[in-house]
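Listed here are the chains, written in short residue letters.
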Amino acid sequence: MPPFLNHPDLDNMLQSEGYVVLDFFSDDVKLQIPSFLSQWLPEHFDAFHTSHFLSDKKYKKEVHQAILALMKEPFSSHIQTDYFPVFANFMLKKGGCNNPMPLHADWTYVEEPAHASYAIWIPLVDTHPDNGTLGVIPYSYLLSHTIRGPRILQWEYPANERLIAHSGRLLSLQLGQAVVY
C-alpha cells in the first residue's frame, strides 16, 4: 500500500499496528472549535447521535462541507495527496449514559485488500474514561477483509469481552489529537 501519512515513522506504526495517534490540529484550528461546534452541533440529541444517519440531506451535506473546510489545513499537513475524504460527520455520545459502542469493524469503502481506506477520529473536546474515549484493538485490521457495513454481521466472537480485556486500549485524547486507523 502507498503511505497514508506524511510522517514515515507514524505511517509505519499505522501499517503495523493498525492505528496511530497524532497531533492533528494546529493551535489556530483548535481556537476555531468552540464557534464551529456552536454553529453545527444539535442542541438536543439522544444518548448517541450521528449526522451521517439523519434524513436531512441538506444538513448532512452542509456538515460534511463544514468539517472538510475545518480539516483542509490539517489534512494536507498530515495526509498523502493520493487520498481524499469520502465523508465527514459528527458522532456524539452523551457521557454517563452507560452506552458503550459494541466491538465492531468500521465499514468497507474500497475493495480490500487490493486498496486501503482509513478513518480519522478527532474528538472536539479532551476525552477521558468519564466522558468517552475511543477503544482500539491493535492489529485488528487483520481480522477481516470482507464487506462491512451497517446491519451486516461481521463476525461473532464468543470471546469479545476477553479480546477487549486482553488487547483493548482506551485512548484518552486531547483536543487537537486524532486517531488514524
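To be clear, the structure that these remarks concern was listed above.
Notes on the structure follow. All figures in this text were calculated on a predicted structure; none of them were measured in a lab.

Conventions and cut-offs
Along each chain, residue indices are assigned from 1 in the same order as the chain's sequence is written. Given that the model is predicted, a residue must reach a pLDDT of at least 70 before its local features are reported, and side-chain atom pairs must reach 80 or more before they are shown or counted; all residues, however, enter totals for whole chains, interfaces and linings. Only hydrogens and water are set aside when side-chain values are computed; all heavy atoms of the structure are taken into account. Only runs of H or I of at least four residues qualify as helices and only runs of E of at least two qualify as strands under DSSP, and these elements are numbered from the N terminus. Three exposure classes are used, based on accessible area relative to the maximum for each residue type with a 1.4 Å probe and protein chains only: buried under 20%, partly exposed in between, and exposed over 50%. Take the buried residues of types Ala, Val, Leu, Ile, Met, Phe, Trp, Tyr and Cys, join any two whose side-chain atoms come within 4.5 Å, and each joined set is a nonpolar core. By definition in these notes, contact holds between two residues if any of their heavy atoms fall within 4.5 Å.

Some thoughts on unusual backbone geometry
- The phi dihedral of Tyr139 is positive, around 70°, even though this residue is not glycine.
- Along the chain, Tyr139 turns up in the loop between strand 5 (134–136) and helix 4 (160–167).
- Since its relative accessible area comes to 41%, Tyr139 is described here as partly exposed.

Looking at the nonpolar core
- Among the nonpolar cores identified, the biggest contains 28 residues, and Phe4, Leu5, Phe25, Phe36, Phe90 and Val180 are the most heavily contacted of them.
- Of all the elements in the fold, those that place two or more residues in this core are strand 1 (20–23), helix 2 (27–40), helix 3 (57–78) and strand 7 (177–180).
- Element by element, the count of residues in this core is highest for helix 3, at seven residues.
- The next biggest cluster of nonpolar side chains, apart from the first, holds six residues, and it includes Tyr19, Leu134, Val136 and Leu171.

Brief notes about the side chain of Thr127
- Here Thr127 lies in the loop between strand 4 (120–121) and strand 5.
- Thr127 gets classed as buried once you look at its relative accessible area, which sits at 7%.
- Those residues within four positions of Thr127 in sequence are excluded, and the remaining contacts are Trp121, Gly132, Thr133, Leu171, Ser172 and Leu173.

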